[in-house]
Each structure stands twice: as structure tokens, then as C-alpha cells.
Amino acid sequence: MRIDNKNMEAIPDKVLDKALAEQALSANEILQLLTAEGAAATALFQAARTARSKYFANKIALYGFIYFSTHCRNDCAFCLYRRSNRGYGRYRKSGAEIVAAAKALAASGVHCLDLTMGEDPYFLDRGSEGLDELTAIVGEVKGQTDLPLMISPGVAPEQALKALHEAGADWYACYQETHNRRLFAALRLGQNYDRRWRLKQYARSIGMLVEEGLLVGVGDEAADALQSLQAMGELAAAQLRAMTFAPQANTPMAGPPAADCRRELNLIAVMRLVFPWTLIPASLDCQGVDGLKARLSAGANCVTSLIPPQSGLQGVSRATADIDEGRRDVASVLPILAEMGLRAATVGEYRDWLTHLRGRQAAAKCKEAA
Ligand code: SF4
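Quick notes on the rules
Residues numbered from 1 in each chain as written. Predicted model: local features only at pLDDT ≥ 70, side-chain atom pairs only at ≥ 80, totals over all residues. Heavy atoms only, no water. Near = heavy atom within 4 Å. Nonpolar A, V, L, I, M, F, W, Y, C, P; charged D, E, K, R; others polar. Helix = DSSP H or I, 4+ residues; strand = E, 2+ residues; numbered from the N terminus. Buried < 20%, exposed > 50% of the residue type's maximum accessible area, 1.4 Å probe, protein only. Contact = heavy atoms within 4.5 Å. Axes fitted to C-alpha atoms, helices over the stretch in contact; angles between N-to-C directions. Left-handed = near helix turned anticlockwise from the far one by under 90°. Salt bridge = Lys/Arg side-chain N within 4 Å of Asp/Glu carboxyl O. Polar contact = N/O pair within 3.5 Å; in protein donor to acceptor, adjacent residues only side chain to side chain.

Engineer: Can you explain the site of the ligand? Please cite residues and give values.
Structural biologist: All residues adjacent to the ligand are Tyr67, Cys72, Asn74, Cys76, Phe78, Cys79, Arg82, Gly118 and Arg188. Along the lines of polarity and charge, the residues of the shell around the ligand split into five nonpolar, two polar and two charged.

Engineer: How would you summarise the environment of Leu134 if you had to cite specific residues and measurements?
Structural biologist: With respect to the element layout, Leu134 can be found in helix α6 (residues 128-145). We classify Leu134 as buried; its relative accessible area is 4%. For the pair formed by Leu134 and Tyr122, sequence separation is twelve residues and the distance between their alpha carbons is 9.6 Å. Dropping the residues within four chain positions of it, Leu134 is found in contact with Phe68, Met117, Phe123, Pro153 and Leu164.

Engineer: Could you give an account of the packing of helix α7 (residues 158-166) against helix α9 (residues 193-205), with specific residues and numbers?
Structural biologist: For any two helices packed against each other, one specifies the crossing angle of their axes together with the interaxial distance. In the contact formed by α7 and α9, the axes pass within 10 Å of each other and the chain directions differ by 40°. Helix-helix and strand crossings are classified by hand; for α7 and α9 the assignment is right-handed. Contacts between α7 and α9 involve Glu158, Leu161 and Lys162 on the former and, on the latter, Leu199, Tyr202 and Ala203. Of the residues in the contact of α7 with α9, the class split is four nonpolar, no polar and two charged.

Engineer: Account for the pattern of salt bridges, with residues named and values stated.
Structural biologist: Using the criterion set out here, one finds 22 salt bridges in the structure. The salt bridge involving Asp170 is made with Lys142; its shortest N-O contact spans 3.0 Å. With Asp170 in strand β4 (residues 169-173) and Lys142 in helix α6, this pair connects stretches of sequence that are 28 residues apart. With respect to burial, Asp170 and Lys142 carry one shared label: buried. Close ionic contact of Lys293 with Glu339 constitutes a salt bridge, the shortest N to O distance being 2.4 Å. With Lys293 in helix α13 (residues 292-297) and Glu339 in helix α14 (residues 330-339), the pair connects residues that are 46 residues apart, well separated along the chain. By relative accessible area, Glu339 is classed as exposed at 57%.

Engineer: Got a sec to walk through the side chain of Thr244? Specific residues and values, please.
Structural biologist: Here Thr244 is to be found in strand β6 (residues 239-244). Looking at Thr244, its side chain comes within polar contact range of the side chain of Glu264, at 2.6 Å.

Engineer: Go over the side chain of Ser69 with me, naming the residues and quoting the values.
Structural biologist: Along the chain, Ser69 turns up in strand β1 (residues 59-69). At a separation of 2.6 Å, a polar atom in the side chain of Ser69 contacts the side chain of Asp120. If we ignore the near neighbours within four places in the chain, the residues touching Ser69 are Tyr91, Arg92, Thr116, Met117, Gly118 and Asp120.

Structure representation (C-alpha cells):
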């Protein structure tokens, strides 16, 4: 994305027309959209839906979520699963349990399976033994479901990422959470900003699709979101996520939940306008099915964090809410889509989107090389 630094004043309608014509917005115009309220926010969301329909018509992707290990070697200040949180019971699912959950999700009608773990030392710190086991699990899930796969193993060695891609992983999800280095250091304690960033660039260079993500409400400001939009454009990420921070007990950032998710919704809409061809999640991990409509109305086009009930699997920021009640499943989501004039994509349509996104990522790479 190109951001002009001209100090342009424009009424929101003009800004939205410009965005819908896919013209570069100035920094001031983007800030205006990020902070829009009331009628201006309503117009912003309407424009975001228009931009979505240009590339995706009324079709929505569904992502099954398998958080197969909640062990982690890191100590992120915001996270329930940080290693210092010794009071929290953890699990690591076996290969057979992961495959069973994947098959159940595939049968329920999801288009993509998101295999996520904390940075589990069992897989990442035992040399080739752990990495080979992880790769074999991914290969088995691919073989048993033949669905597009997203993996989120944290910061893994490059050769492991390549092996996971060859075993069938289409996507690499790795969230910076912020592109403000000071804030990154306060959130991802003791972690290396550049190493995390470079791994996403590496994933892209070997043909993986990349998902980038932000946390909203962690001391960030609109200017930080602006900086993140610039970074997302440089990365040419194919999926872009924004989630409102949910404070977790027994962590340094414990506290009352955010009063609302308005900043997240604005960010979803702005990401849709600036990168209209991308996949943008409406995560059930934020406010469950009750929060789905607002996110889809803001321009999101995939429903993520669908989790099979009674599987013992957890979410990330709302670890257990709605799961065993069966409210994070495809059957709960489809009527909401229908009510909004939307429908689930077919797997074939989702695969076509991935082909288009790969082409965009490759073109961005060529432009960089030129
Ligand atoms: S955010 Fe991820 S890397 Fe950080 S502590 Fe939680 S599980 Fe570990």
C-alpha cells in the first residue's frame, strides 16, 4: 500500500469513493476512517461491504480451528497460555486426536483447517524428532481431509516451515500483533521482532500464503494501526486479522474487558477498503456467534475459530466459551449468514480465491525484485 503524506482534508463520502475506486488514501484519510463514529462509521461499513462484494460476491469462507497444544515456551504479557501461568491446565493432543478433530470439522463443511499450537517445546525444542512428528501430523491431516491447511506453530526454523509446506500446509499464520516495536517489546516479552517478521517473508518466498494479525486495545493508537496497514501492504499478506484484546486472568494484563469492539470493527472495514482482495476473519473467539454479524457487516469474509464441541479443544482469547454448547460450529453460523444475505462459499470457490491470492503474493514479490 502507498500512503501519501499530503495533509488532505476530505469529507468521508469522498474518501470512501476514492477507496472504492482503489486509489491510494492519504495517511489523514485513513486516520479519518479508523476513527469514524456514528453515521460516518455506518457509511464506512457499507463501503467495506461493497468492496467485499466486488471480489467475493456474497460468499464467506469457514475455518475450523484446532488448537492442538496449549504448551508454550514464550511469556507474552497478554496471553492465557504464557509459560508463567502455571495455574492453567494445559493439553497436547495426540496425532490421532488431531486427525479425528480435523475429519469432524471437514465433515461439518469448513473450507480450511487452522492447526495452531503455542510454541510447544515438545515440537520445537527436540531437534528433528519433534519437527518431524509435527510434519507427519500435518501430512496426515492433509491426507485424511484434502482441505487447505493453515498452520500456526509460532517461530519455527525455516527448514521446518518448508517441510510443513511440502506436507500440505498452504498458509502460515504468525501475528506480529503490532508493528510498533516499543509496544511489541511490551507484549511479546523477550521475543525478536525481526525474526518473527522475516519468517513471514520467508514463508511467502517459498509460496505459502501468509496471515498477519493485530491486537486492538493493548495500548495501541490509530497511528499504530496506520503503521500496521503499511506493514501489511509490504508483506503482501493474503489474510489480515484484527482482534480486540480480551484480558486474561493471572497475566500481567489482567483486567476488565474492553467496553466494546468499535475500533476492531473500524479496522476490519479499513483493511477491507485498503486491501479489498484479502481474506479478513470474523473470529468467533472475540464475542462468539453473538459478535459475528457486526464483523461481517464491517466487511469480514471468513468465519474463524469454529471448534468441534466435546472435543476438549480450546479457543485462544475465549478459551472455552460456547464450544461445548455447540455454538461455535458451522450449523450455528449458516443461519446468520443467510439472514445477512450471505452464504458459505464452496470449497472449490475457496480454492479459487487461494489461487488468486497466491498470484497477488507472487506479483508483489516480483515487484520487490524488479
Ligand atoms: S501468544 Fe502464542 S507465543 Fe505468546 S505465550 Fe501465547 S501461545 Fe505462546
